[in-house]
Structure formats: C-alpha cells, structure tokens
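Examination of the molecular architecture
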Amino acid sequence: MPLVRFDMLKGRSPETIKAILQITHEVMVAAFEVPERDRYQIVHQHEPYEMVVEDTGLGIPRTDQVVVISLVSRVRTVHQLEQFYESLARRLSEAGLVDKNDLMVNVSFNHDQGWSFGQGKAQFLDGSL
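Residues numbered from 1 in each chain as written. Predicted model: local features only at pLDDT ≥ 70, side-chain atom pairs only at ≥ 80, totals over all residues. Heavy atoms only, no water.

By the naming in an unreviewed UniProt entry, the protein chain goes by Putativetautomerase yrdN and is assigned to Lacticaseibacillus rhamnosus LRHMDP3.

For Gln 80, the location among the structural elements is in helix 2 (residues 78–94). A polar side-chain atom of Gln 80 sits 2.9 Å from the main-chain amide nitrogen of Thr 77. (Helix = DSSP H or I, 4+ residues; strand = E, 2+ residues; numbered from the N terminus. Polar contact = N/O pair within 3.5 Å; in protein donor to acceptor, adjacent residues only side chain to side chain.)

One turn of an α-helix holds 3.6 residues; hence residues three or four places apart share an orientation. Here helix 2 contains 17 residues, and its C-alpha end-to-end distance of 24 Å stays within 8% of the 24 Å for a straight helix at 1.5 Å per residue. Looking at the buried residues of helix 2, the elements they touch are helix 1 (14–32), strand 3 (67–73) and strand 4 (103–109). Positive phi appears at Gly 96, one or two residues downstream of helix 2, with a value of about 70°. (Expected span 1.5 Å × (residues − 1). Contact = heavy atoms within 4.5 Å.)

Here we take up the sheet that holds strand 3. With mixed pairing, the four strands of this open sheet are ordered in space as 2-1-3-4. Of all strands in the sheet, those with a lone pairing partner are strand 2 (40–46) and strand 4, marking the two edges. Between one strand axis and the next, the sheet turns by 15° as a mean value, whatever way the strands run. As paired elements, strand 3 and strand 4 share seven bridges and run parallel to each other. When the sheet's bridge partners are listed, Ser 70 is paired in strand 4 with Asn 106. (Pairing = 2+ DSSP bridges. Axes fitted to C-alpha atoms, helices over the stretch in contact; angles between N-to-C directions.)

With that settled, the discussion passes to the packing of helix 1 against helix 2. At a minimum axis distance of 9 Å, the contact between helix 1 and helix 2 shows a crossing angle of 150°. Judged on the interaxial angle alone, helix 2 and helix 1 are roughly antiparallel. For the element pair helix 1 and helix 2, the recorded crossing hand is right-handed. Contacts from Ile 20, Ile 23, Thr 24, Glu 26, Val 27, Met 28, Ala 30, Ala 31 and Phe 32 of helix 1 reach helix 2 at Gln 80, Leu 81, Gln 83, Phe 84, Ser 87, Leu 88, Arg 91 and Leu 92. In terms of residue class, the contact of helix 1 with helix 2 is built from eleven nonpolar, four polar and two charged. (Parallel < 35°, antiparallel > 145°, perpendicular 65-115°, else oblique. Left-handed = near helix turned anticlockwise from the far one by under 90°. Nonpolar A, V, L, I, M, F, W, Y, C, P; charged D, E, K, R; others polar.)

This part is about the environment of Lys 121. With respect to the element layout, Lys 121 can be found in the loop between strand 4 and helix 3 (123–126). Of the residues examined, Lys 121 reaches a relative accessible area of 42% and is grouped as partly exposed. Not counting chain neighbours up to four residues away, the residues in contact with Lys 121 comprise Trp 115, Ser 116 and Asp 126. (Buried < 20%, exposed > 50% of the residue type's maximum accessible area, 1.4 Å probe, protein only.)

On to the side chain of Asp 102. Mapped onto the fold, Asp 102 is located in the loop between helix 2 and strand 4. The side chain of Asp 102 sits in the buried core without any salt bridge; Arg 62 is the nearest counter-charge, 5.6 Å away. One polar contact links Asp 102 to Thr 63, side chain to side chain, over a distance of 2.5 Å. In this structure Asp 102 touches Pro 61, Arg 62, Thr 63, Gln 65, Val 66 and Val 67, once residues within four positions along its chain are discounted. (Lys, Arg positive; Asp, Glu negative; His and termini not counted. Salt bridge = Lys/Arg side-chain N within 4 Å of Asp/Glu carboxyl O.)

Okay, here's the thing in structure tokens:
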C-alpha cells in the first residue's frame, strides 16, 4: 500500500518499465514514508487507440510516451503529495524515462477498512499492520 497502476502505450522495453517502477517506488518511499517492501505495482500496456490523454486546457504537449500513474493510498498531506509529484516528475525526466509533459498522476484515498493484503483478513483493522 499504496497500490500503484501504470498505464502506457505498448513498446517500452522491460528494462525501461522496471526503471520507471523502481524510481516511482523510491520516490513514494521517501515522500510518503512507507516501508521499503510496501510495494504493489501493476503495469497495463495499451494499443494507441486505447488511451487518450489530453491536457485539460493547460497547453501541455503530450507524445506517445505518455504515462498515467494512478495510486490508491491512505490519506496523505498536501506537502507529501506536492513532494511526490515534483520529485517523481524530476527523477523520471532526469533519467530520460518520462518527459515531465508526458506524466500524469492521480491519487485516490481510501481508509484502513479498504485494504486486505491476503488471507481474507483486514490487516489494518485486526492489528497485524
């Protein structure tokens, strides 16, 4: 937790995808102060006709290298979110993996009762976590 979903067009190499996931995880651990092994990431690759990502009228130019990252998480502070967005965009861009214009991030919040990590249990509620 957080659960992170990556949506992108098909065509990136496995090494590039792994690097995007690794940087995202490192930034999340730093910004949200989650444990290192708190890692749940899922990649969905799409055909070009399956993704339309525009700019909400902000004039942000997009390419076919756009990546949409969607997180489901416990509630985070505004400072944590701003740190996460800025650091993620900077690190992915500096690594040559995703241009800042091609990165869109959405964070949705839920509560402890919204998580089961397996075994049919609510670990946040039963005291396991």
